[in-house]
Amino acid sequence: VLEINLNALSQNFYFYKHQLQPNTRLMAMVKAAAYGGGAIEIANHLQKLQADYLSVAYSDEGAELREKGITLPIMVLNVASENVQQIVRHGLEPVLYSPRILKFFGEYAKNDRTTIAIHLDIDSGMRRLGFDGDSMQELNALLTSYPELRVKSIFTHLTSTDNPAHDHHSRAQLERFQGFCTQIINTLGYKPLIHALNTAGILRFPDYAFDMVRLGIGLYGISIDELSNGKLHQVGTLKTTISQIKSLKKGEHIG
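What counts as what
- Residues numbered from 1 in each chain as written.
- Predicted model: local features only at pLDDT ≥ 70, side-chain atom pairs only at ≥ 80, totals over all residues.
- Heavy atoms only, no water.
- Buried < 20%, exposed > 50% of the residue type's maximum accessible area, 1.4 Å probe, protein only.
- Helix = DSSP H or I, 4+ residues; strand = E, 2+ residues; numbered from the N terminus.
- Pairing = 2+ DSSP bridges.
- Right-handed = clockwise from strand over helix to strand, strands pointing away.
- 1 Å grid on protein atoms, 1.4 Å probe; cavity = no way out; pocket = protein on both sides within 12 Å on 5 of 7 lines; lining within 4 Å.
- Points joined across faces, edges and corners; volume = space filled by probe spheres on them.
- Nonpolar A, V, L, I, M, F, W, Y, C, P; charged D, E, K, R; others polar.
- Contact = heavy atoms within 4.5 Å.
- Phe/Tyr/Trp six-rings, centres within 6.5 Å; stacked < 30°, edge-to-face > 60°.
- Lys NZ or Arg CZ within 6 Å of the ring centre and 35° of its normal.
- Core = buried A, V, L, I, M, F, W, Y, C linked by side-chain atoms within 4.5 Å.

Asker: Talk me through the pairing of strand β3 (residues 53-56); I want residue IDs and the actual numbers.
Answerer: Burial along β3 is two-sided: Tyr53 and Ser55 and Leu54 and Val56, pointing in opposite directions, are all buried. Two elements, β3 and strand β4 (residues 74-76), share three bridges in a ladder whose sense is parallel. When the bridges of β4 are listed, Ser55 appears paired with Met75. For the crossover from β3 across helix α4 (residues 59-67) to β4, the handedness is right-handed.

Shown next as structure tokens:
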């Protein structure tokens, strides 16, 4: 039996919420069935706690939440062109990470005469998905070409917020990210939400909370840094029944 303690979830939520300035928003990660805890139940609870945003890995997860009555904005991290109709139908907000995928969504929105809320993933040094410095000029040109894409946020992933030995790299990423954000905002003519911090970053880099933070594993009671050690509450408890215990002599075989 996997027991999920929603009171513990609330306590963890407010622990991190109290680290933020009043006007800083909080995005809660409910990807992978809310880290195995049950996305629908946890998302509903987070909605009651007045989280500002939810984030899922795939559009199927977001569609299921919509069908179960979740009305919070939902950011979808891993998006492909075949997801576009599901995303539009359920009012989900895709993360766009390359000129190719942005152009596809832009053409769809233009042809469908609709507006799609999107999030821009900026590669500031993790070197996975995201627009990097080489694609910044093309990104800005595409954003100008597709006003049907409404940018709700610009964000980046930091590689090492839980490791003080790499703080210089984290700060370099943040400075690079801010430079990219300035370019994009000048192109758009309006300011989307800016966010960079994950769970560990919320505590270790409070000066870079920007407009929103992304709370993931810490919400579920997993401490990955000294600043949260002993302050989080365990959300999930896995229990089972012992069928039998045997005592064996040294040298006996088991199979």
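Asker: Kindly report on unusual backbone geometry, identifying the contributing residues and their values.
Answerer: With phi around 55 degrees, Tyr35 is a residue other than glycine that occupies positive phi space. Within the secondary structure layout, Tyr35 lies in helix α2 (residues 31-35). Unusually for a residue other than glycine, Arg113 sits at a positive phi of about 50 degrees. In this structure, Arg113 sits in the loop between α6 (99-112) and β6 (116-122).

Asker: Pulling in residues and values, what's your account of the layout of surface pockets?
Answerer: Computed from the structure, the largest pocket encloses a volume of approximately 570 Å³. If you trace the largest pocket, you find 23 residues lining it, with Lys31, Met126, Arg128, His157 and Arg214 closest to the centre. The set of elements that each furnish at least two residues to the lining of the largest pocket consists of α2 and α9 (199-204). Split into classes, the residues belonging to the lining of the largest pocket amount to 12 nonpolar, seven polar and four charged. In this structure, the second largest pocket encloses a volume near 180 Å³. Along its surface, the second largest pocket is lined by 13 residues, and Tyr35, Tyr220, Ile222, Val235 and Gly236 are the ones closest to its centre. Elements that contribute at least two residues to the lining of the second largest pocket include exactly β1 (2-4) and α2. Taken together, the residues of the lining of the second largest pocket break down into eight nonpolar, five polar and no charged.

Asker: Summarise the side chain of His90; cite the residues concerned and give the values.
Answerer: The topology assignment puts His90 in the loop between α5 (84-89) and β5 (93-96). When residues no more than four places from it in sequence are discounted, the contact partners of His90 are Ala63, Arg66 and Glu67.

Asker: How would you sum up the pairing of strand β9 (residues 212-215)? Please name residues and give values.
Answerer: Of the two faces of β9, the one holding Met212 and Arg214 and the one holding Val213 and Leu215 are both buried throughout. Of the pairings in the sheet, the one linking strand β2 (residues 25-29) to β9 comprises four bridges and is parallel in character. If you follow Leu26 over to β9, its bridge partner there is Val213.

Asker: Let's hear about the packing of aromatic side chains: which residues, and what values?
Answerer: Under the counting rule described, the total for this entry stands at six aromatic pairs. Ring geometry for Phe13 and Tyr14: centres 5.4 Å apart, planes at 85 degrees, overall edge-to-face. Residue Tyr14 is classed as partly exposed on the basis of its relative accessible area of 36%. Note on Phe104 and Phe105: the rings are 5.9 Å apart at their centroids and 75 degrees apart in plane angle, and the pair reads as edge-to-face. Look at Phe104 and you get partly exposed, because its relative accessible area is 33%. Of the aromatic side chains, those joined through ring pairs into one cluster are Phe177, Tyr208 and Phe210. Here the basic side chain of Arg150 rests over the ring of Tyr190, its NZ or CZ set 3.6 Å away from the ring centre.

Asker: Would you mind going over the side chain of Ser153 in detail, with residue names and values included?
Answerer: Assignment of secondary structure puts Ser153 in strand β7 (residues 149-156). When sequence neighbours within four positions are dropped, the list of residues in contact with Ser153 reads Ile118, His119, Leu120, Pro192, Leu193 and His195.

Asker: Go over the nonpolar core, please, and point to the residues and values.
Answerer: Formed by 67 residues in total, the largest nonpolar core has its most connected members in Leu46, Leu54, Leu102 and Leu120. Looking at which element gives the most residues to this core, the answer is helix α8 (residues 167-188), with six residues. Sequence-distant contacts of Leu120, defined by excluding residues within four places in its chain, comprise Leu96, Leu102, Phe131, Leu139, Leu143, Val151, Ser153, Ile154, Phe155 and Ile184. In this structure, Met27, Met75, Leu77 and Leu193 belong to the second largest nonpolar core, which totals nine residues.

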